[in-house]
Amino acid sequence: MSRSPQRPVTSTPTVQEVGPNAFAYVQPDGTWWINNAGFILGSDGVILIDTCATEQRTLDLLDTVRSVTDAPIRMVVNTHHHGDHTHGNSLTEPAVIVAHRQCREAVRATGIKRYEDVFTQPDWGALRARPADITFERRLDLWLDDRVVELHHIGTIAHTTNDVVAWLPDAKVLFTGDLVFNGGTPFVVMGSLPGSVAAVERLRAFGADVIVPGHGPVCGPEVLDVIERYLEFVWEVAVHAHAAGQTPIQAAQATDLGEFASLADNERIVGNLHRAMAELGGPDANARMSVGDAMADMLTLNGGRLLHCSA
């Protein structure tokens, strides 16, 4: 299979109004550690959806919010625990951090994790782990004036154990976190492949007109078809490889990605195969699966180079 090319430094983030007083903050090119965020305005406060991977990127996000409104950020929603969405939490004080209970636990357990042996390293800046102040299990409604922002745990292990979406029913806008990569390869090594397929159906059920993905351009629900096809493709490869006694790296090296070759960060195929083949092996095999081994195989698939990060 082809490897992702080394990429130049990414371009300037953009702000897109996706609904009345609702904005997407899109960071090109949406590859490793370069996430999207969002913010929703009320008369006397702002709800921020996610922070960024580095100090400077988070400060740029906060400056952007201030350029749109004088109202303070009162709440920050973390869509899941990964550092590109949570590393900047401490820079939003005194705003309250809201997340799934398992997101809080994961941020507390991992702290500021940089994966020096996996990624080329950006200038992270001064970062301090800050877990959620308020947590929930299934659903929590946040209010801006008379407008509700619905937070939903996706209901299954998918991208992670703690994936949360923010739904604006009045505007039919859905902030999905990393349940959606638009133009990038989905990534389930810390989650579940069948769970991610189930999550796609849950996302469809919202009936969104606009989706703000965790990475990549703002899009419509048609992106879910691409994600579903990719996940089904990985599962089919995993089933055949598991039956043939292949390792995930052997299966990945023999796989033609076809229509998915153009997705960014396509070395994720081997990480996804690690998870899918572990799930095929049963609960014990799935529990024993090593994320570290999966990351090492992604480096192998990338020609032995560290994975490129422009954050």
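The rules behind each value
- In every chain, residue numbers begin from 1 and rise along the written sequence.
- Predicted model: local features are reported for residues with pLDDT of at least 70 only, side-chain atom pairs are reported and counted for 80 or more only, and whole-chain, interface and lining totals are derived from all residues.
- As a rule here, side-chain values cover all heavy atoms of the structure and leave hydrogens and water aside.
- Helix numbering and strand numbering both begin at the N terminus, where a helix is a DSSP run of H or I of at least 4 residues and a strand a DSSP run of E of at least 2.
- Only the C-alpha atoms count toward the radius of gyration. The rule for a globule is 2.2 Å times the residue count to the power 0.38.
- Relative accessibility thresholds used throughout: buried, under 20% of the residue-type maximum; exposed, over 50%; partly exposed, between the two (1.4 Å probe, protein chains only).
- For this analysis, residues touch if any pair of their heavy atoms sits within 4.5 Å.
- The arc in question is the one traced by the directions running from the helix axis out to the C-beta atoms.
- Two N or O atoms form a polar contact when they lie within 3.5 Å of each other; inside protein one atom must be a possible hydrogen donor and the other a possible acceptor, and for residues adjacent in sequence the pair counts only when both atoms belong to side chains.

A. Geometry of the overall build of the protein. Summing up its helical and strand segments, the protein has 9 helices and 12 strands in all. At 19 Å, the protein has a C-alpha radius of gyration in line with the 19 Å of a compact globule built from 311 residues. Its C-alpha atoms give the protein principal-axis dimensions of roughly 60 × 40 × 35 Å. The 311 residues of the protein split such that 59% are buried. If you take every contact in the protein between residues at least 6 apart in sequence, the share linking residues at least 24 apart comes to 67%.

B. Focus on helix α3 (residues 101-110). Every buried residue of α3 is listed here: Cys 103, Ala 106 and Val 107. Summarising the axial view, the buried residues of α3 lie within an arc of 100 degrees, below the 170-degree limit, and thus occupy one face. For α3, the exposed residues lying more than 90 degrees away from the buried face are Arg 108 and Ala 109. Contacts from the buried residues of α3 go to α2 (83-86) and β6 (96-100). Gly 111 occupies a position one or two residues after α3 and carries a positive phi of about 65 degrees.

C. Main features of helix α9 (residues 291-301). When we look at burial in α9, the residues that qualify are Ala 294, Met 295, Asp 297, Met 298, Leu 299 and Leu 301. Those residues of α9 that are buried lie in contact with α6 (248-253) and α7 (268-280). Taking the backbone nitrogen of Gly 292 as reference, a side-chain oxygen 3.3 Å away marks Ser 290 as the first, capping residue of α9.

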